[in-house]
Amino acid sequence: LAVIIFDLDGTLVDTTYLHTMAWSRAFADCGLDVPTWRVHRAVGMGGDRLVAAVAGEAVERAAGDQARERWSHWYEELKDRIRPLPGALDLMQRLHADGCTLAVASSGSRDDTEDALAVLGSGRLVDVVVTGDDAKDTKPAPDVLELALDKTGHGSGPVLAVGDTVYDVQAAGRLDIPCIAVRTGGFGQAELTDAGAVRVVDDLTDLLELPTSEWVPAAGAPAHDQ
Ligand SMILES: [Mg+2]
């Protein structure tokens, strides 16, 4: 029986652009003009990494905590717009019924993770939840995934990760866990494949009819669905 470790934002819930807008407003509050496309492409890292990634180390040192505080304020304002992504709950229900162990590993905070999972309605389907609050480092570091895997008490069965960003794919890769990528976070097929994704699908509905044993394509098979 498989262990499936899901990313949350952009994978199970449609929050990528909410995070982008919240960060954009937070940077503006700090007097910084950061183009939103740069913010968008850094969403998926934790907030501990994002400020330096988009605005540089000097800004992180001078205003990182202020930016995170403002981000938290603006994200709270946008939380009523969180929606599940297509197929997310259906897929989790199917995997749970199949006897898979389901984990959620997010770079976000415990509170934000619980709020998003409540919107998703995945409650009893999820066996393990690990957040950025639980780990020393966020994605692309493998810490949240590693902790999630430890908590599932997995045996020798297959382990798969599912995420929407190159940071998910990189984190999984550091643990030699195959990662399926969805495009619902806005990353393109080529860059997800280049990062090491074993399969790229548009969204989770594309996995609904596919047995988990076939999620990882055989060597030589195309790593994306046509
Ligand atoms: Mg994500």
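Shown above is the structure to which this text applies.
Here's a quick rundown of the structure. What you see is a predicted model, and the numbers here were worked out from it, not measured in a lab.

## Considering the overall build of the protein chain
And then number 1: From N to C terminus, the protein chain includes 10 helices and six strands.
And then number 2: At 17 Å, the protein chain has a C-alpha radius of gyration in line with the 17 Å of a compact globule built from 226 residues.
And then number 3: Its C-alpha atoms put the protein chain at 50 × 35 × 30 Å along the principal axes.
And then number 4: Here the contacts in the protein chain between residues at least 6 apart in sequence split such that 67% fall between residues at least 24 apart.
And then number 5: About 10,000 Å² of surface is accessible on the protein chain, with carbon and sulfur atoms providing 47% of the total.
And then number 6: One finds the centroid of the 19 positive side-chain charges in the protein chain at a distance of 3 Å from the centroid of its 37 negative side-chain charges.

## What to know about the environment of Ala-67
And then number 1: Position of Ala-67 among the secondary structure elements: in helix H4 (residues 57-78).
And then number 2: For Ala-67, a relative accessible area of 1% translates into the label buried.
And then number 3: Here the alpha-carbon distance between Ala-67 and Trp-23, two residues 44 residues apart in the chain, equals 7.7 Å.

## Focus: empty space enclosed by the protein
And then number 1: In total, this model carries one cavity of 30 Å³ or more according to the counting rule given.
And then number 2: Each pocket or cavity is described by its volume, and for the largest cavity that value is around 40 Å³.
And then number 3: Every residue lining the largest cavity is listed: Ile-5, Asp-7, Ala-105, Lys-139, Leu-145, Ala-161, Val-162, Gly-163, Asp-168 and Cys-179.
And then number 4: For the lining of the largest cavity, the leading source of residues is strand S4 (residues 159-163), giving three residues.
And then number 5: Among the residues forming the lining of the largest cavity, the class breakdown is six nonpolar, one polar and three charged.

## Focus on unusual backbone geometry
And then number 1: A cis amide bond, omega 15°, links Lys-139 with the succeeding residue Pro-140.
And then number 2: Tracing the sequence through the fold places Pro-140 in the loop between strand S3 (128-130) and helix H7 (143-152).
And then number 3: You will see that Asp-176, though not glycine, has its phi angle at about 60°, which is positive.
And then number 4: Assignment of secondary structure puts Asp-176 in the loop between helix H8 (166-174) and strand S5 (179-182).
And then number 5: Taking relative accessible area as the criterion, Asp-176 reaches 71% and is therefore assigned exposed.

## Some thoughts on the layout of surface pockets
And then number 1: Quantified by volume, the largest pocket comes out at close to 400 Å³.
And then number 2: Lining the largest pocket are 25 residues, and of these Met-45, Gly-46, Gly-47, Ser-107 and Gly-108 lie nearest its centre.
And then number 3: At the level of secondary structure, the elements contributing two or more residues to the lining of the largest pocket comprise helix H1 (16-29), helix H3 (47-55), H4 and helix H6 (110-120).
And then number 4: For the lining of the largest pocket, the per-class residue count stands at six nonpolar, 11 polar and eight charged.

## With respect to the coordination of the magnesium ion
Around a metal, the idealised angle for a tetrahedral arrangement of four donor atoms is 109.5 degrees; for an octahedral arrangement of six donor atoms it is 90 or 180 degrees.
And then number 1: The coordination sphere of the magnesium ion contains the protein donors Asp-7 (OD), Asp-9 (O) and Asp-164 (OD), at a distance range of 2.1 Å.
And then number 2: Counting residues between consecutive donors of the magnesium ion along the chain gives the motif D-x1-D-x154-D. Taken together, the residues Asp-9 in the loop between strand S1 (3-6) and H1 and Asp-164 in the loop between S4 and H8 connect sequence positions 155 residues apart. Side by side, Asp-9 and Asp-164 carry an identical accessibility label, which is buried.

## Considering the sheet that holds S4
The strands that make up a sheet pair up through hydrogen bonds in the backbone, lying either parallel or antiparallel.
And then number 1: Pairing in this open sheet of six strands is parallel, and the strands run S3-S2-S1-S4-S5-S6 from one edge to the other. The open sheet has two edge strands with one neighbour each: S3 and strand S6 (199-201). Shown here is a sheet whose adjacent strand axes are inclined to one another by a mean of 20°, direction ignored.
And then number 2: Where S5 and S6 come together, three bridges link them in parallel fashion.

So, how was this worked out
- Note that residues are indexed from 1 along each chain, following the sequence as it is written.
- Where totals are concerned, whole chains, interfaces and linings use all residues; where local detail is concerned, this predicted model gives features only for residues with pLDDT of at least 70, and gives and counts side-chain atom pairs only at 80 or more.
- The side-chain numbers reported here are obtained from all heavy atoms of the structure, hydrogens and water having been left aside.
- Helix and strand definitions here come from DSSP, where helices need a minimum of 4 consecutive H or I residues and strands a minimum of 2 consecutive E residues; each element is numbered from the N-terminal end.
- Between the two quantities, the radius of gyration covers C-alpha atoms and the globule rule is 2.2 Å times the number of residues to the power 0.38.
- Only heavy atoms matter for contacts: two residues are in contact if any of them lie within 4.5 Å across the pair.
- Methods summary: accessible areas were calculated by the Shrake-Rupley approach with a probe of 1.4 Å, and residue burial reflects only the protein chains presented.
- Just so you know, the count uses Lys and Arg for positive and Asp and Glu for negative, and it drops His and the chain ends.
- Every charge is mapped to an atom, namely NZ of Lys, CZ of Arg, CG of Asp or CD of Glu.
- Categorising residues by exposure relies on relative accessible area from a 1.4 Å probe, with only protein chains included: less than 20% of the type maximum marks a residue as buried, more than 50% marks it as exposed, and the intermediate range marks it as partly exposed.
- Of the two site types, the cavity is a set of points on a 1 Å grid over the protein atoms alone where a 1.4 Å probe fits but cannot get out, and the pocket is an open set with protein on both sides within 12 Å along at least five of seven lines, each lined by residues with an atom within 4 Å of a point.
- Grid points are joined across faces, edges and corners, and a volume is the space filled by probe spheres set on the points.
- Residue classes follow a fixed rule: Ala, Val, Leu, Ile, Met, Phe, Trp, Tyr, Cys and Pro count as nonpolar, while Asp, Glu, Lys and Arg count as charged, and any other residue, Gly among them, counts as polar.
- Donor atoms are limited to N, O and S found within 2.8 Å of the metal ion, a distance that becomes 3.2 Å for Na, K and Ca. With water left out, some sites might look partial.
- For two strands to be treated as a pair, DSSP must find at least two bridges joining them.
- Think of each axis as a best-fit line through the C-alpha atoms, taken over the contacting stretch in the case of a helix, with angles from 0 to 180 degrees between the N-to-C directions.

What is shown is where atoms sit, not what they do.
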